[in-house]
Amino acid sequence: MNKSKRIGRNLVLYTLIVVALVLLLALVNHIGQEEPSETSGSFDSGPLTENQPLIGNPDAPVTVYEFGDFKCPACKVWNDQLFPLLMEEYIDTGKVNLVFINTLFHGEESLLASLAAESVFAQSPESYWDFHKAIYNAQPETDHDSAWVTPELMIELAENTSDGINLERLKRDIDDPTALSSQIEVDNALVTEFKVEKTPTIMVEGIPMTDPFDYETLKVLIDTRLGAESDE
Ligand code: CA
């Protein structure tokens, strides 16, 4: 074999090796990016938790986010059925904390309930979760579209759930949305940033669930994260 033929042959061989390596790299990359079907488009991390209502151990290794709307029937179901499971298994045991972000998908009543909740949270963070639960409890079982979120109801619920709330201030905060507009804007911006399209949207750190009612997947996402944390 003459020299130029040998060089030509080596060149073909090297090119093949390079092509094979590039293909392999692309394949590995693709596998790495593939997400489980139970989740959709994940983010590097979840929203900042400061100035948001948080239940559980503030230093828990995993944060679960609920983008919820007090006016949304599915959110009530999630809070009635999934939240207690999460509470018992992960929040009460200090492994997980949960942050609620207002997601205003149902118009004026969503805004009203969110303003009331933000006012209660600003005045007495320790009263927030009782108030949160009281609003969902007040949601009608049927005829969800009828108007039921009213300033009077919000004040009544606050009165019944906590004595640390200045009801006059609550009334002002509901009547004059500018008082808490910055909190509402922060939440609205998070809804946009995290591409929230339905309520409730549940995220484990930066991973949104496709089906928020799939508790087994929620457990897997949390346990995987807890495992990763304990390995670090
Ligand atoms: Ca908020």
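Going by the structure above, here's the rest.
Treat the numbers as computed from the prediction; the structure is a model and nothing was measured.

Helix and strand content of the protein: eight helices and five strands. Put simply, the protein runs from its N terminus to its C terminus through helices and strands in the order α-β-β-α-β-α-α-α-α-α-β-β-α. When each of the 232 residues of the protein is scored for burial, the buried share is 41%. The long-range fraction of contacts in the protein, counting pairs at least 24 apart against all pairs at least 6 apart in sequence, stands at 78%. On the protein, roughly 12900 Å² of surface is accessible, and the fraction owed to carbon and sulfur atoms is 55%.

Attention now moves to the packing of aromatic side chains. Following the criterion strictly, the structure yields seven aromatic pairs and no others. Arranged with centres 5.2 Å apart and planes meeting at 45°, the rings of Phe70 and Tyr136 form a pair that is tilted. Taken together, the residues Phe70 in the loop between β2 (62-68) and α2 (73-91) and Tyr136 in helix α4 (residues 128-138) connect sequence positions 66 residues apart. Grouping residues by exposure puts Phe70 and Tyr136 together as buried. Arranged with centres 6.4 Å apart and planes meeting at 15°, the rings of Phe83 and Trp129 form a pair that is stacked. Of the two residues, Phe83 sits in helix α2 while Trp129 sits in helix α4, which places them 46 residues apart along the sequence.

Turning to the side chain of Asp69, a few remarks are in order. Examined against the element boundaries, Asp69 turns out to sit in the loop between β2 and α2. Of the side chains with opposite charge, Lys71 lies nearest to the buried Asp69, which makes no salt bridge, at 8.4 Å. At 2.8 Å, the side chain of Asp69 forms a polar contact with the side chain of His106. Separated by 2.9 Å, the side chains of Asp69 and Ser110 make a polar contact. If we skip the residues at most four places from it in the chain, Asp69 touches Cys75, Phe100, Thr103, Leu104, Phe105, His106, Ser110, Tyr136 and Thr199.

Here the calcium ion is held by Gln52 (OE1), Glu118 (OE), Asp187 (OD) and Asp187 (OD), and the distances to it run 2.3 to 2.7 Å. Gln52 sits in the buried class, given a relative accessible area of 5%.

A few words on the pattern of salt bridges. Taken as a whole, this structure holds five salt bridges when the rule is applied. Where Glu109 meets Lys71, a salt bridge forms, and the shortest distance between an N and an O atom there is 3.0 Å. Residue Glu109 is located in helix α3 (residues 107-123), and its partner Lys71 is located in the loop between β2 and α2; the two are separated by 38 residues in the primary sequence. In this structure, Lys76 and Asp80 form a salt bridge, with 3.4 Å as the shortest nitrogen-oxygen distance. Of this pair, Lys76 and Asp80 both sit in helix α2, four residues apart, which is roughly one turn of that helix. Given the relative accessible area of 36%, Asp80 is considered partly exposed.

Looking now at the nonpolar core. Counting 46 residues, the largest nonpolar core has Leu86, Leu98, Phe131, Met154 and Ile222 as the members making the most contacts within it. No other element matches α2, which puts eight residues into this core. Not counting residues within four places of it along the chain, the set of residues in contact with Phe131 comprises Ala116, Ala117, Val120, Met154, Leu157, Ala158 and Thr161. In terms of nonpolar packing, the next biggest core, distinct from the first, is built from nine residues, Tyr65, Phe67, Leu190 and Phe194 among them.

If you walk across this open sheet you meet the five strands as β1-β3-β2-β4-β5, and the pairing is mixed. This sheet does not close on itself; its edge strands, each paired only once, are β1 (54-55) and β5 (207-208). Alignment of β2 against strand β3 (residues 96-102), held across seven bridges, turns out to be parallel. Across the sheet, residue Val64 finds its bridge partner in β3, namely Leu98. Sheet strands in contact with α4 are β1, β2 and β3, and its direction is about 60° off that of β3.

About the criteria used
Position numbers for residues count from 1 along each chain, tracking the sequence in the order it is written. Local features in this predicted model are restricted to residues whose pLDDT is 70 or higher, and side-chain atom pairs enter the listing and the counts only when it is 80 or higher, whereas totals over whole chains, interfaces and linings include all residues. Just so you know, side-chain values use all the structure's heavy atoms and leave hydrogens and water out. Secondary structure counts use DSSP, requiring at least four H or I residues in a row for a helix and at least two E residues in a row for a strand, with both numbered from the N terminus. For every residue, the accessible area obtained with a 1.4 Å probe (protein chains only) is divided by the maximum for its type, and the residue is called buried under 20%, exposed over 50%, and partly exposed between those limits. Any two residues whose heavy atoms approach within 4.5 Å at even a single point are treated as in contact. The Shrake-Rupley method, run with a 1.4 Å probe sphere, supplies the accessible areas, and residue values consider only the shown protein chains as cover. Stacked, tilted and edge-to-face pairs are distinguished by plane angle, under 30 degrees for stacked and over 60 for edge-to-face with tilted covering the rest, among Phe, Tyr and Trp rings (Trp via its six-membered ring) whose centres lie within 6.5 Å. For this count, His and the chain ends are skipped, Lys and Arg are scored as positive, and Asp and Glu as negative. Each salt bridge in this description consists of a side-chain nitrogen of Lys or Arg and a carboxyl oxygen of Asp or Glu lying within 4 Å of one another. For this analysis, a polar contact is any N or O atom pair within 3.5 Å, provided that within protein one partner can donate a hydrogen and the other can accept it, and provided that sequence-adjacent residues contribute only side-chain to side-chain pairs. The donor set covers N, O and S atoms within 2.8 Å of the metal, switching to 3.2 Å for Na, K and Ca, and it leaves out water, so a site may look short of donors. Here, the term nonpolar core denotes a set of buried Ala, Val, Leu, Ile, Met, Phe, Trp, Tyr and Cys residues that are joined through side-chain atoms within 4.5 Å. Two strands pair if DSSP finds at least two bridges between them. Axis definition: a line fitted to C-alpha atoms, limited for helices to the stretch in contact. Angles are taken between N-to-C directions and run from 0 to 180 degrees.

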